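# Close look at the chain arrangement
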Amino acid sequence: MSITLEREGQVAVVTIRRPERLNTLDMPTLDALRDAWIEIRDDDALRAAVLTGEGERAFCAGADLKDFLPRPHPLRDLWNPGVELRPDRGLELFKPVVAAVNGYCLGGGLTLMLSTDLRVAAEHATFATPEVGHGILASCGGTQRLAQQLPRALAMEMLLTGDRIDAETALRWGLVNRVVPAADVLPTALELARRIARNAPMAVQATKELALRSGDMDTASGLRLEDAMVRLLQDSEDFAEGVKAFAERRPAEFRGR
């Protein structure tokens, strides 16, 4: 299995298991990864996810170049993104995803990480969009998300030079949330995911959706959508439980209703 999904209570752990290929992505791996996201999306018992790669050499070193670049898809497939190299296929879900980055995070691997919400990196992790050095570009969201998530000059430096940056630089630039020793990457990511999972699941998903949509809306529209979401959540059982638990000074027991 090139992708495994394991359950740690309310958290799913998705692992890319191609360490002999630096966890690079071929089409069967992408299909399995998409199926894992769909399973997480549709399982109400799962409230958050962690994405990682097997071993300490690589989170994901991008597309398997031997599999993709020499054999482009027919031109007609340009209008069918489901058959193209899209590392974020199926990742359009509002349950938070934490990346545990252990080693190389390159090309499509970086694009995949950019699709997650929080990122924990090992001290030896490296990040790059090296595609221009191969006669191609950082597609599948690479040019778009990197420019959205970093200051313009920093994003352009990564995209146009293809140079690698280390974990401390990624932390300083705001590309990752934490840098920890290699042995602590997965436990730290799991703890972050568990902290998220303890919160009211509908409130968490509404928060993620609003934050993601903020880049496509003017402030007035975003505030209006916020107001509507708050009003909807006020009718939920979780909101009533949250208020009651606060008054009784005890942890809330949220049920996602």
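Preceding this paragraph is the structure being described.
Here is a short report on the structure shown in this document. Note that the structure is a prediction, hence the values are computed from the model and not measured.

## A short note on the packing of helix H7 (residues 201-213) against helix H8 (residues 219-233)
Put simply, H7 and H8 touch, their axes get as near as 11 Å, and they point 175° apart. Put simply, H7 runs roughly antiparallel to H8. For the pair H7 and H8, contact is made by Met202, Ala203, Ala206, Glu209, Leu210 and Arg213 and by Leu225, Glu226, Met229 and Leu233, respectively. Here the residues of the contact of H7 with H8 sort into 7 nonpolar, no polar and 3 charged.

## Topic: the nonpolar core
Among the nonpolar cores identified, the biggest contains 42 residues, and Trp37, Met113, Phe127 and Leu175 are the most heavily contacted of them. Those elements giving two or more residues to this core turn out to be strand E2 (11-16), helix H1 (27-42), strand E3 (48-53), strand E4 (58-60), strand E5 (97-101), helix H2 (108-114), helix H4 (152-161) and helix H5 (167-173). Sort the elements by how many residues they give to this core and H1 lands first, with 6 residues. Counting 17 residues, the second largest nonpolar core, distinct from the first, contains Val50, Ala100, Val120 and Val185.

## A closer look at a negative patch on the surface
The grouping of Glu123, Asp166, Glu168 and Asp184 at the surface amounts to a negative patch. Mapped onto the fold, glutamate 123 is located in the loop between strand E7 (118-122) and strand E8 (126-128).

## Some thoughts on the side chain of threonine 129
Tracing the backbone shows threonine 129 in the loop between E8 and helix H3 (142-149). What makes threonine 129 buried here is its relative accessible area of 2%. Of the polar contacts made by the side chain of threonine 129, one reaches the backbone oxygen of methionine 158; its length is 2.8 Å.

Definitions and cut-offs
- Residues numbered from 1 in each chain as written.
- Predicted model: local features only at pLDDT ≥ 70, side-chain atom pairs only at ≥ 80, totals over all residues.
- Heavy atoms only, no water.
- Axes fitted to C-alpha atoms, helices over the stretch in contact; angles between N-to-C directions.
- Helix = DSSP H or I, 4+ residues; strand = E, 2+ residues; numbered from the N terminus.
- Parallel < 35°, antiparallel > 145°, perpendicular 65-115°, else oblique.
- Contact = heavy atoms within 4.5 Å.
- Nonpolar A, V, L, I, M, F, W, Y, C, P; charged D, E, K, R; others polar.
- Core = buried A, V, L, I, M, F, W, Y, C linked by side-chain atoms within 4.5 Å.
- Buried < 20%, exposed > 50% of the residue type's maximum accessible area, 1.4 Å probe, protein only.
- Patch = residues over 30% accessible without salt bridge, like charges linked within 9 Å, V, L, I, M, F, W, Y side chains within 5 Å.
- Areas by Shrake-Rupley, 256 points an atom, 1.4 Å probe, with all protein chains shown as cover.
- Salt bridge = Lys/Arg side-chain N within 4 Å of Asp/Glu carboxyl O.
- Lys, Arg positive; Asp, Glu negative; His and termini not counted.
- Charge placed at Lys NZ, Arg CZ, Asp CG, Glu CD.
- Polar contact = N/O pair within 3.5 Å; in protein donor to acceptor, adjacent residues only side chain to side chain.

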